[in-house]
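# Fold and contact review
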Amino acid sequence: MVDHSTISATIGGRAGFERLAAEAHARGMGVIVDVVPNHMGVPTPLYYNKALWSVLKDGPASPYAAWFDGTAEGADGTLMPVLGARIGTVLANNEITLEQRVVPGMEDEGPQPVLVYFDHVFPVRAGTENLPLPLCVQEQFYRLAYWKVADEELNFRRFFDVDTLVAVRVEDPEVFDATHALLLDLFHAGHIDAFRIDHPDGLADPRGYLRRLSMATGGAWITAEKILEGHEELPADWPVAGTTGYDASWRISALHCDPNGAGDLGNIAHVITGDIPGTLPEVITTSKREVATTSLFAEVHRLATLADAICRDDIMLRDHTFSWIRACLTEMIVALDRYRAYIVPGEPAPEASIEIVNEAARLARANLDEELHETLEVVVDLVLGREVGVEGRTQRVQRDELVIRFQQVCGAVMAKGVEDTAFYRWTQLVALNEVGGNPEAWSINPDEFHQWASTMAQEWPATMTCGTTHDTKRSEDVRSRIGVLSQYSSEWRALLTKLHPYAEGAIEGHTENLLWQTLAGTWTAEGPIERERLEAYMLKASREQKIWTSWTHGDPEREHELSAFIEKLYADGDILGAFADWYEFTNDAVRTSILSRKAIQLTCLGVADNYQSCETLQNYLVDPDNRSAADFEALAATASALDGRAPQDLAEEKQHLTREIYRLRRRRPDAFVGATAAYRPLPASTGHAVCFARGEDPQVVTIAARLNRVIETHGFTEHTVVLPAGRWRDVLTGAEFDGGSVLIADLLNRYPAAVLEKTADAEADGDAPTPEIGIPLFRPGVRHQPTPTQRDDESDAEVTGLLGWLTKRFFDKPEEGHQP
């Protein structure tokens, strides 16, 4: 984003967007806009961002001086780390020139002086253009610097560690109004219906931003791309419909992960990588510390500088030195187990937030010298906004800023340390290492999923679910193929035991283990993924691992060796044959996982997201691989063909399943979203099926198989599920069933998932005309976050007793490996 007032002409401009919205609305569809409020681009050339250009040219006199977080803080001006060598070398080589140019977009100003460094163009402060070049460079409102300086000295706040993104202070009401004017104009004109807010934890005040947006739209449907760690819950005071679905995604993945595979996969990972199995927390701690002391050191240093200034100006605190404060802050940031604790300056810290910070302090204390423990207590008080010392009132602005910046730095270190470092290093089962994932949990059972989904349906009935997004490390289908390794872990260990000598010494162990799993996950009926795509992915993954190469300290020779190894691998018939055999060996289990996962994701909660072309099979890897254009013509052709015949392969089965569920959602919106969209677990005699009903008066039922290996071996035998009363039709097959106890084998004799619609209220036409069902959820005045209902303890006890009786009744002899 370089201009908040304009829609890119390349993609059609405002007129094109309005035509798109009109066509969508004509089809009963709503338009959700993905908004990135936290930062703008630092483009090359810089003049594409006129606001930033103005700040760098005019400094405090710029009308945009308050827009950017940190640009006014550097004694030498805003740091612009774009040089390929140190400034002295660049100047000595005459690589920076002072020129007169007509700047695109500012033609009315005529030729103006600019500093030029290859493709980079920078403005010149008025009155400095006639100085000798070195002095002219020195006198700007910005400081041109060697790119490696950024990690230690950068003063503007970035998006994580991306120097080409500068944070925007949307917490300032004037900045919010200016940066959201076009969005709100389009919303009130009826062209935009809803908002998906990217990375709210990077904002100074996530709750305040979301409240301002909700008020400005009169209560639009808003979801937050919030990463919830483990059992963390979405803040109840956010005026949003819910999350964008990562909390659902990891749980659905974990449903299809066999807990019995952990031992074998951990063992082979240890053999290949040398890591001790089960050390994910240590990997995360190490990774976060590396990030906090390298690529994000500047952010931590800036935070410590602020805390040090507070302490130096307070007689009670000034004996806590800068180095002590920085060490304590670093350990606190590393130890915090989530993105932020949600402490708002001027408000008493919630008890839950205090517990989170205190737990981080407890862990940090173990890594600090005893001499620093008293300093740690001061740091804890400061980040909690407590009145430590005697200057709390006079330092209110600085102390409030510290509270905010601490949480922003915690989020950045969490994202870069966990998802972009640790999750590339911990390779026992990489399908679990996903955005918002919880790989330490490994697997969950249906009862755990039911408990979570039931609560979510009550408290966040219009939240989202997702399988794949533009940010996921790999698509849902790749995760399914890799996840199946957990069911065939002994066979996979045997295969890798044979393959490891081929790679040993040629590539690093973590990279090797990731490579084998990626090959298995992206294999298709036609063979392996395109070699160029795999090479590009493995190079990116290796740089993210930061073990033997990285983005800032690359090892070109070893990177070349990795590419050469992959080229050699693709020419080896024995290895390719082994993976082709593995593909066939696991195909049934993969089919179960892919179709069941999709059925659950599209029916379990709220608004079901489907990333482009993932209604059929896709072997996307991390961006930019997952951002290729979708072949909509091919999808449309298949959809048309499926109107007259049965699906012929897994890709068509997935498209058929996705389309029929969306048609069902269109017919019965109240069963999926809103106050009447209850989630009800159904009694089932096996844990190898996930069974639930949707709707206060159940209108839809989903039965989805899981952990196919046991089903393959034993079948569902006499296992049953109790359907709600009534007559039910499977929207995938047309088969009909009466309510009551039904054999699961009968329900799943065609597909590994059945999605049943109650026929008593069904339209005579299988695909009724499209009502305006999506739009009301998106319009002002709809309450999207109902007050959580009080749980009825007696009812809970009755349900628990019933489930206990069912378990005892049906689990006299559980299947091998099953955990009721």
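Let us look at the structure shown here. Here the structure is a predicted model, which means the values were calculated and not measured. (Residues numbered from 1 in each chain as written. Predicted model: local features only at pLDDT ≥ 70, side-chain atom pairs only at ≥ 80, totals over all residues. Heavy atoms only, no water.)

## Considerations on the pairing of strand S17 (residues 700-705)
The test is simple: Think of it in three bands: with a 1.4 Å probe and only protein chains considered, a residue is buried below 20% of the maximum accessible area for its type, exposed above 50%, and partly exposed in between. Under the scheme used here, helices are H or I runs from DSSP no shorter than 4 residues and strands are E runs no shorter than 2 residues, and both carry numbers assigned from the N terminus. Think of it this way: DSSP has to see at least two bridges between two strands before they count as a pair.
Most of S17 sits out of view: six of its six residues are buried. Burial of the side chains of S17 extends over both faces: Val700, Thr702 and Ala704 are buried on one face and Val701, Ile703 and Ala705 on the other. Judged from the six bridges that link them, strand S16 (residues 689-694) and S17 form a sheet pairing that is antiparallel. Counterpart to Ala689 in the pairing with S17 is Ala705. In this structure, the hairpin formed by S16 and S17 is closed by a connection of five residues, where Gly695 is found at a positive phi of approximately 110°.

## A short note on the packing of helix H12 (residues 322-335) against helix H15 (residues 396-425)
Under the convention used in this document: Note on geometry: axes are lines fitted to C-alpha atoms, helical ones only across the stretch in contact, with angles between N-to-C directions running from 0 to 180 degrees. Small angles under 35 degrees read as roughly parallel and large ones over 145 as roughly antiparallel, with 65 to 115 read as roughly perpendicular and the rest as oblique. A crossing counts as left-handed when the near helix is turned anticlockwise from the far one by less than a right angle, and as right-handed when that turn is clockwise. When checking whether two residues touch, look at their non-hydrogen atoms; a contact exists if any pair is within 4.5 Å. For this classification, Asp, Glu, Lys and Arg are treated as charged, while Ala, Val, Leu, Ile, Met, Phe, Trp, Tyr, Cys and Pro are nonpolar and the rest, including Gly, are polar.
Where H12 meets H15, the axes come as close as 9 Å, and the angle between the chain directions of the two elements is 55°. The pairing of H12 with H15 is recorded here as oblique in orientation. When the axes of H12 and H15 are compared, the crossing they make is right-handed. For the pair H12 and H15, the contacting residues are Leu329, Met332 and Ile333 in the first and Phe406, Val409, Cys410 and Val413 in the second. Of the residues that constitute the contact of H12 with H15, the class distribution is seven nonpolar, no polar and no charged.

## Focus on the sheet that holds strand S2 (residues 39-41)
Backbone hydrogen bonds hold the strands of a sheet together, and the pairing may be parallel or antiparallel. Judged by pairing direction, the sheet is antiparallel, and its three strands sit side by side in the order S2-S9-S8 without closing on themselves. A single partner strand is all that each edge strand has here, and the edge strands are S2 and strand S8 (158-159). Pairing analysis gives two bridges linking S8 to strand S9 (residues 162-167), with the strands arranged antiparallel. When the sheet's bridge partners are listed, Arg158 is paired in S9 with Val166.

## Points about the environment of His301
Spelled out, the test is: A 3.5 Å cut-off defines polar contacts: any pair of N or O atoms within that distance qualifies, except that in protein one atom must be a possible hydrogen donor and the other a possible acceptor, and neighbouring residues in sequence count only when both atoms are side-chain atoms.
Assignment of secondary structure puts His301 in helix H11 (residues 297-312). Here the alpha-carbon distance between His301 and Leu329, two residues 28 residues apart in the chain, equals 9.3 Å. Setting aside anything within four residues of it in sequence, one finds His301 in contact with Phe322 and Arg326. One polar contact links His301 to Arg326, side chain to side chain, over a distance of 3.4 Å.

## Structural notes on a negative patch on the surface
Under the convention used in this document: Surface patches are defined over residues having more than 30% relative accessible area and no salt bridge, joining like charges when they lie within 9 Å and nonpolar side chains (Val, Leu, Ile, Met, Phe, Trp, Tyr) when within 5 Å. Only the protein chains shown count as covering a residue, and every accessible area follows the Shrake-Rupley method with a 1.4 Å probe. Each reported salt bridge corresponds to a side-chain nitrogen of Lys or Arg within 4 Å of a carboxyl oxygen of Asp or Glu. Neither His nor the chain ends contribute to the count of charged residues, in which Lys and Arg are positive and Asp and Glu negative. Note on charges: their place is set at NZ of Lys, CZ of Arg, CG of Asp or CD of Glu.
Together, Asp369, Glu370, Glu371, Glu374 and Glu377 line one region of the surface with negative charge. Residue classification places Glu374 among the exposed residues on the basis of a relative accessible area of 53%.

## Here we look at the nonpolar core
Among soluble globular proteins, nonpolar side chains are generally buried collectively. Keep this limit in mind: What is meant by a nonpolar core is a set of buried Ala, Val, Leu, Ile, Met, Phe, Trp, Tyr and Cys residues, joined one to another through side-chain atoms within 4.5 Å.
Core analysis: the biggest nonpolar cluster contains 163 residues, and Phe195, Phe449, Trp492 and Trp516 have the highest contact counts within it. It is helix H22 (residues 573-603) that contributes the most residues to this core, 12 residues altogether. Not counting chain neighbours up to four residues away, the residues in contact with Phe449 comprise Arg251, Ile252, Leu255, Ile444, Ile600, Cys604, Tyr679 and Val690. Grouped together as the second largest cluster of nonpolar side chains are 57 residues, Leu317, Ile325, Ala341 and Ile343 included.

## Notes on the pattern of salt bridges
A side chain with one charge can pair with a side chain of the opposite charge if their charged atoms come near. Taken as a whole and judged by the stated rule, the model has 58 salt bridges. The partner of Arg312 in a salt bridge is Asp308, with the nearest N and O atoms 2.9 Å apart. One end of the pair is Arg312 and the other is Asp308, both in helix H11 and four residues apart, which spans about a single turn. A residue is classified by how much of its surface remains accessible, and Asp308, at 11% relative accessible area, is buried. Overlapping salt bridges, with partners in common, bring together Asp69, Arg157, Arg302, Glu401 and Arg405 in one network.

## Description of the layout of surface pockets
Just so we agree on the cut-off: We place a 1 Å grid over just the protein atoms. Points where a 1.4 Å probe fits but has no way out form a cavity, open points with protein on both sides within 12 Å along at least 5 of 7 lines form a pocket, and any residue with an atom within 4 Å of a point lines it. Grid points are joined across faces, edges and corners, and a volume is the space filled by probe spheres set on the points.
Reported here for the second largest pocket is a volume of approximately 1,300 Å³. Residue lining of the second largest pocket: 47 residues in total, with Phe160, Asp161, Val162, Lys416 and Asp420 positioned closest to the centre. Looking at the lining of the second largest pocket, the elements with two or more residues in it are helix H5 (150-153), S8, S9, helix H10 (280-293), H15 and helix H20 (531-545). Per element, the largest residue contribution to the lining of the second largest pocket is five residues, and it comes from H15.

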